[in-house]
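Secondary and tertiary structure notes
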Amino acid sequence: MPVGNGLTAQQGGYALKSAIATLPAGKRALYRFAITGPGGRPVTRFALTQTMRLHFYTIRSDLTGFQHLHPVMARDGTWTADLAALRPGHWRMYTQFTPDTGPGRGQDFVLSRPVTVPGTASTTALPAASSSTTVDGYVLTLHGDLRAGLASPLTVTVRRNGEPVTDLRPYLDTYAHLTAFHQGDQAFAHFHPRNKVTGDHGGPTLEFMTDLPTSGNWRLFLQFQTADVLHTAAVTLYVG
Ligand SMILES: [Cu+2]
């Protein structure tokens, strides 16, 4: 589990630095940033987590517009995230990484910064909590009684046309990526199923052990791959 809830730009001497506080609406946008270490200099050595040196996520304040990207780092430690079109409003940019040098070596960090996208912002109401959702013809059913601050199992079953799906392909070394954001403060969490990865035979059941810090509604984004297609399902989950 990463350190903290992802709502700060610095922690334990490490910081997410960016000169960008606004990005344009409605078109591809580049977000440049650096991760600095306790000495204040950009960190350039990161450990691989799920095959990547850094994971980047963004979400709008109404928990729409989720993106999970893998930015590219220049030699000097400057990263560039190539974002798909953003709607006007308030966004948060999250970086998840594990330094491979310094006092934070081997520790998982999530740091974030806000970004404003100018324009007329309309808010989408959060869909009601539900135990199922559909994406690209895949029906996901959730089972679990989640409690804030407690390790809580969450089982997700994947079906298509009523049949169990058993051909999930590993995506970044795991059968699924579950990214969660808390309604109101946009606190962040990320989980992987405990299922062992054995080729393109994932499913139909994904077994997560979650640990969400606060009660209320969380918006879950579940990413999984079949053949060459990455699917992203979204569902609202209430944590008691
Ligand atoms: Cu992941």
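Here the residue numbers are simple positions, counted from 1 along each chain's written sequence. At least 70 in pLDDT is required for a residue's local features to be given in this predicted model, at least 80 for side-chain atom pairs to be given and counted, and no such filter applies to totals for whole chains, interfaces and linings, which use all residues. In computing side-chain properties, one takes all heavy atoms of the structure into account and sets aside hydrogens as well as water.

1. Re unusual backbone geometry
Here the residue pair Gly203 and Pro204 is connected by a cis peptide bond, since its omega of 0° sits within 30 degrees of zero. Position of Pro204 relative to the elements: it lies in the loop between strand 16 (188–191) and strand 17 (205–210). The phi dihedral of Asn161 falls on the positive side, at around 50°, and the residue is not glycine. Within the secondary structure, Asn161 sits in the loop between strand 12 (152–160) and strand 13 (163–164). To sort residues, take the accessible area from a 1.4 Å probe on protein chains only and compare it with the maximum for the residue type: under 20% means buried, over 50% means exposed, and anything in between is partly exposed. Given a relative accessible area of 73%, Asn161 falls into the exposed group. A positive phi angle, near 50°, is found at Ala227, a position not held by glycine. Residue position: Ala227 is located in the loop between strand 18 (216–226) and strand 19 (229–239). For helices the rule is a DSSP run of H or I covering at least 4 residues; for strands it is a run of E covering at least 2, with both sets numbered from the N terminus onward.

2. Overview of the environment of Thr98
For Thr98, the position within the fold is in the loop between strand 8 (89–97) and strand 9 (109–117). Taking C-alpha positions, Thr98 is 29 Å from Thr236, a pair spaced 138 residues apart along the chain.

3. Remarks on the coordination of the copper ion
For Na, K and Ca the donor cut-off is 3.2 Å; for every other metal, N, O and S atoms count as donors within 2.8 Å. Water does not enter the count, which can leave sites looking incomplete. Looking at the metal site, the copper ion is ligated by His177 (ND1), His190 (NE2) and His192 (NE2), spaced 1.9 to 2.2 Å from it. In the primary sequence, the donor residues of the copper ion line up as H-x12-H-x1-H. With His177 in strand 15 (residues 177–182) and His192 in the loop between strand 16 and strand 17, the pair connects residues that are 15 residues apart, well separated along the chain. Residue classification places His192 among the partly exposed residues on the basis of a relative accessible area of 26%.

4. Points about the pattern of salt bridges
Salt bridges are defined as contacts in which a side-chain nitrogen from Lys or Arg sits within 4 Å of a carboxyl oxygen from Asp or Glu. As enumerated under the stated definition, the model contains seven salt bridges in all. Here Arg60 makes a salt bridge to Asp62, at a shortest N to O gap of 2.6 Å. Comparing Arg60 with Asp62 shows no difference in burial state: the two are buried. Two residues, Arg105 and Asp100, come together in a salt bridge whose shortest N-O distance is 3.6 Å. Take Arg105: its relative accessible area is 55%, and that puts it in the exposed class. Where salt bridges share partners, they join Arg60, Asp62 and Arg87 into one cluster.

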